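Take a look at the letters that make up each chain.
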Amino acid sequence: MTALLELDSVTKQFGGLLAVSSVSFSIGEREIISMIGPNGAGKTTAFNCVTGLFPLTRGDIRLDGHSLGGLPPHRILRLGIARTFQNIRLFSYMTAVDNVMVGAHWWMKARVWDGALTTPRSRREEHAVEQRALELLDLLGLANYAGNYARELPYGLQRRLEIARALATRPRLLLLDEPAAGLNPQEKNELMALIARLRGEGLTVFLIEHDMRVVMGISDRIVVLDHGEKIAEGSPAEVRENPRVVEAYLGSGASQEMRSA
Amino acid sequence: MNRLLRAFFRPTQKITATGVYTILVIAAAAMVLLGWFLPWFVGPFSEGVGFSPQDAISTAPTGIGTILLYVTGVCMLIVLLSPFVEFTLRARHRALDVRWDMVRAAASVVGLVLTVVVWILVRWINEEPLFGALPNGITTDSAVWLEMYGFGLAAITYGLKRLVLERPNVMFVVGVLPFGVLLPLMFHQAPAFVLWATQSLAIYMLLGLGLNVVVGFAGLLDLGYAAFFAIGGYACASLASPIHGVHISLWMLIFIGAAIAATFGAILGAPTLRLRGDYLAIVTLGFGEIIPDLATNNVFGLTGGPNGISGIDKPVVGSVNFGFNPQWFYWSLLFFSVVVVIMLLNMQRARIGRAWVALREDEVAAAATGINTTTTKLLAFAIGASVSGLAGAFYGAIVSIVSPDDFQFAVSIAVLSIIVLGGIGNISGVILGAFVLTFVIFWALPNLQEWSATLGHTFNVPAISGIDFTRYTFILYGAALIIMMLFRPAGLLPSRARKVELESGIESESLAAVQGRA
């Protein structure tokens, strides 16, 4: 399997705090890979490093073998890595459809002057992108909310709207930061079905998740972080049995939960 | 009778009135009232008044004149009272029956027609020409214009109420644009007023529109906007005056001025890219102070020092020299304002407009969604500044002299007040803000003295005529702003987003702060 994304001893230090310490692993094309670990383990920091929000202290991140080091977030997105945020970061006072259309911003061709003069080119493109955005909203079950402000949507729908916005950027790799947080069991099932479907359409999905049912249910591989270090990596079954994960890190109570999941 | 009343005042009807409707209704009533009272306001001191209801009684054949006047009076009362009735009812969660709209629209149309009829009758009886050319100090027909406009606005608002509620922005333009176009005609016998309108209203409106791109759309608080106005003004002044011996036509200069201001917008914007909120405001404040100071110090011998650049060319089109016909300045400014408004409205709805709003809402998410925050911010600065460059070119041509004093901090604050007052981020709001601020603050407040004196003389109350309003101008200005912020913090015509946003009060952090660069 060719590696799509490679983390090569990625290290991120905030002053005296080593948030991510020499973490290395790789993600293959069309894989679903989860990252788990207790709060403060450095999972979201790792995401922020991949998407260019945090510059790396040491190490390198490669997409298709090309280093992403030093690239600004929008350039990394344009290379095909889209993400959602743990604490939902939608454009609160834009409508749902506009939120998704922002995702199409980078590949739209209309220049500022096209927009100012509403040239046929701009009008055609706006129309096409709006249709595409509505399709994406429909895919995520948000069709009835297209005209609502993102802020007005219920929590679960805001999570989905973030995914729709990420998908509008035409990603190859989708980074989901706790997509199941705050969802009810029914919504979690829908989320798992959606992730499986996205993979079916050729997308690679990399997610941070606490919900073991979701993680164990859809992941091909799981990476476990603790105190910024990678302590385990492997298939769900391997990770579930890994003594280091179970005893030293998840605790005995959690191992019970994992078995029952 | 009771049943009839109940039929008209239906208690459970859904309340759908919007800000634009409210404003048009109040504006119509205000115009009608102002037209009625204008004779008294300007009476003893300025040029006298020709048309007034009193005149109609004294000059027209008593029979016809009186009857027409009574009918007009009833129409006027309906237009004047209906906002009060409607808003009182709305406060009690009731609404007027739709049938009233027809009654009010009909009354407005009748009022409009009768005003025109009476006006023509008076003119015909006095054997005066219809437009202008009246001897100074005898008549002005400002009152008629105001009256006609008020009735016309009322007719549109009530007659097309559904359209006003459904397409508020379009109807706002339909309502306001004729007023803008007719302004010099309405006051064609008060050249000082026309000049005031030329200088303040249109210039400030353009400045407000430009600043709105930076502050309203992209959410970058700019307290030094006058700097770009200065750059545009000075650039065009030095290219159309004896100071360097260069004389370029104004119609070329507006583009040159806009381009130069846009360039400086991007240059001055660059150092502020990592800043947001208070910090950005302070840096831009600094720029706003530096630019006039550079001009005062005659930097590179370009700016003429504290005296500025004088003798700026007046544009000439065919046989019209704008220097002698200042209303043409106003009309050309109005034309360019309309062009700018259309282009900004288009941009707001297009790709770049979405990027600006995304940047305003959440810079980190915008960057993570593929928006180049650097170029998007610089574009906001450049486009915002280019509009002020256009305004600066006109400003120099209108007043013939630009000096550092014209671009002080107070100008930045006045422009900011316009967009805050009107409604940040909403183009209709900015236009309204420019109207309100220039009319109320720059015209009504300075004239309060004269008006109160007139009122005191008319009703023989020396206490009223004795108040020295010139001392209280800034107190009144400040009080008006405070009252605004307390009762309509999102502005007179808030953008939908801004309205909700102010109620929640959430600040977003900058990308640079998240990345640890600022």
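Overview of the structure. This structure is a prediction, so every number in the text was calculated from the model and none was measured.

The secondary structure content of chain A amounts to eleven helices and ten strands. Radius of gyration (C-alpha) of chain A: 19 Å, near the 18 Å computed for a compact globule of 261 residues. Looking at chain A residue by residue over its 261 residues, the buried ones come to 57%. When the accessible surface of chain A is totalled, it reaches about 10,900 Å², and 49% of it is carbon and sulfur.

What follows deals with the environment of Glu233(A). Residue and element names in this part refer to chain A. Note on placement: Glu233 falls in strand S10 (residues 229-234). Overall, the relative accessible area of 32% leaves Glu233 in the partly exposed class. For the pair Glu233 and Met35, spaced 198 residues apart in sequence, the C-alpha to C-alpha distance is 9.1 Å. For Glu233, the contacting residues outside a window of four places in its chain are Ser24, Phe25, Arg221, Ile222, Val223, Glu238 and Val239.

On to the interface of chain A and chain B, then. Note on interface size: it is often stated as the accessible area lost on association of the parts. Taken together, the contact between chain A and chain B spans 38 residues of the former and 35 residues of the latter. Summing both sides of the interface, chain A and chain B together bury roughly 3,200 Å²; the carbon and sulfur share of this comes to 60%. For the chain A face of the interface with chain B, the top three residues by lost area are Arg89(A), Tyr93(A) and His105(A), together amounting to 22%. Taken together, the links from chain A to chain B amount to two salt bridges. The partner of Asp362(B) in a salt bridge is Arg89(A), with the nearest N and O atoms 2.9 Å apart. There are ten residue pairs in polar contact (both at pLDDT 80 or more) connecting chain A and chain B. Counting residues per element, the ones that place at least two in the side of chain A that touches chain B are helix H2 (73-78), helix H3 (96-103) and helix H4 (112-117) of chain A. A class-by-class count of the residues in the side of chain A that touches chain B yields 20 nonpolar, ten polar and eight charged.

Our focus in this paragraph is the packing of aromatic side chains. Going through the model one piece at a time under the given rule, you end up with 15 aromatic pairs over all chains. The rings of Phe229(B), Tyr234(B), Tyr395(B) and Phe407(B) are connected pair by pair, giving a single aromatic cluster. Positioned above the aromatic ring of Phe85(A) is the side chain of Arg89(A), whose terminal nitrogen or guanidinium carbon lies 5.7 Å from the ring centre. When the ring centre of Phe91(A) is taken as origin, the NZ or CZ atom of Arg165(A), which lies over that ring, is 4.7 Å away.

Moving on, we get to the sheet that holds strand S5 (residues 66-67) of chain A. All names here are of chain A. If you trace the four strands from one edge of the open sheet to the other, you get S2-S1-S4-S5, paired in antiparallel fashion. Single-partner strands in this sheet number two, and they are strand S2 (17-28) and S5. Strand direction decides the pairing type here: strand S1 (residues 3-14) and strand S4 (residues 58-63), joined by five bridges, are antiparallel. Note that in S4 the partner of Leu7 across the bridge is Ile61.

Here we take up the pairing of strand S9 (residues 221-226) of chain A. All names here are of chain A. Of all six residues in S9, six are buried; the element is thus mostly enclosed. Burial along S9 is two-sided: the residues Arg221, Val223 and Leu225 and Ile222, Val224 and Asp226 are all buried. Inspection of the sheet shows strand S3 (residues 32-36) paired to S9 by four bridges, in the parallel sense. Paired with Ser34 across the bridge in S9 is Ile222. Taken together, the five bridges between S9 and S10 define a ladder with antiparallel strand orientation. Looking at S10, one finds that Asp226 is bridged to Glu229. Turn length for the S9-S10 hairpin, with the two strands adjacent in sequence and antiparallel, is two residues, and the turn residue His227 shows positive phi of about 50°.

Quick look at unusual backbone geometry now. Leaving glycine out, the prevailing phi sign among residues is negative, and the prevailing peptide bond configuration is trans. The phi dihedral of Arg170(A) is positive, around 55°, even though this residue is not glycine. Relative to the helices and strands, Arg170(A) is located in the loop between helix H6 (155-168) and strand S7 (173-177). The residue Asn298(B) is not glycine, and still its phi comes out positive at about 50°. Looking at where Asn298(B) falls in the secondary structure, it is placed in the loop between helix H12 (277-296) and strand S5 (316-317).

Time to look at H12(B). Side chains three or four residues apart in an α-helix point the same way, a direct result of the helix having 3.6 residues per turn. Residues and elements named next belong to chain B. Helix length check: H12 (20 residues) gives 29 Å between terminal C-alpha atoms against 28 Å at 1.5 Å per residue, within 8%. For H12, every residue scored as buried is listed here: Leu280, Ala281, Thr284, Phe287, Gly288, Ile291, Pro292 and Ala295. Down the axis of H12, the smallest arc covering the buried residues is 115°, so these residues share one side. Exposed side chains of H12 directed beyond 90 degrees from the buried face belong to Asp278, Tyr279 and Ile282.

Here we take up the pattern of salt bridges. Residue and element names in this part refer to chain A. If you walk through the whole model with that rule in mind, you get 24 salt bridges over all chains. One salt bridge connects Glu31 with Arg221, and the closest N-O pair in it is separated by 2.7 Å. Separated by 190 residues along the polypeptide, Glu31 in the loop between S2 and S3 and Arg221 in strand S9 bring together distant segments of the chain. Each member of the pair, Glu31 together with Arg221, is buried.

Let's shift gears to the sheet that holds S7(A). All names here are of chain A. Strands sit in the order S6-S7-S8-S3-S9-S10 across an open sheet of six strands; the sheet is mixed. Edge strands, defined here as strands with exactly one partner in the open sheet, are strand S6 (81-83) and S10. In this sheet, adjacent strand axes meet at a mean angle of 20° when their direction is disregarded. Where S7 and strand S8 (residues 204-208) come together, five bridges link them in parallel fashion.

This part covers the nonpolar core. Of all hydrophobic cores here, the largest spans 116 residues; its most connected members are Phe172(B), Ile203(B), Trp356(B) and Phe394(B). The biggest single contributor to this core is helix H9 (residues 191-217) of chain B, with 13 residues. Per-domain counts for this core show at least three residues from each of domain 1 (15-189) and domain 2 (191-518) of chain B. Among the nonpolar cores identified, the runner-up in size contains 43 residues, and Leu4(A), Phe91(A), Leu175(A) and Ala365(B) belong to it.

Reading the values: the criteria
- Residues numbered from 1 in each chain as written.
- Chains lettered and ligands numbered in written order.
- Predicted model: local features only at pLDDT ≥ 70, side-chain atom pairs only at ≥ 80, totals over all residues.
- Heavy atoms only, no water.
- Helix = DSSP H or I, 4+ residues; strand = E, 2+ residues; numbered from the N terminus.
- Rg over C-alpha atoms; globule rule 2.2 N^0.38 Å.
- Buried < 20%, exposed > 50% of the residue type's maximum accessible area, 1.4 Å probe, protein only.
- Areas by Shrake-Rupley, 256 points an atom, 1.4 Å probe, with all protein chains shown as cover.
- Contact = heavy atoms within 4.5 Å.
- Buried area = accessible area lost by both parts, 1.4 Å probe.
- Salt bridge = Lys/Arg side-chain N within 4 Å of Asp/Glu carboxyl O.
- Polar contact = N/O pair within 3.5 Å; in protein donor to acceptor, adjacent residues only side chain to side chain.
- Nonpolar A, V, L, I, M, F, W, Y, C, P; charged D, E, K, R; others polar.
- Phe/Tyr/Trp six-rings, centres within 6.5 Å; stacked < 30°, edge-to-face > 60°.
- Lys NZ or Arg CZ within 6 Å of the ring centre and 35° of its normal.
- Pairing = 2+ DSSP bridges.
- Expected span 1.5 Å × (residues − 1).
- Arc of directions from axis to C-beta.
- Axes fitted to C-alpha atoms, helices over the stretch in contact; angles between N-to-C directions.
- Core = buried A, V, L, I, M, F, W, Y, C linked by side-chain atoms within 4.5 Å.
- Domains from an automatic or database assignment.

Bear in mind that shape data such as this cannot, by itself, settle questions of function.
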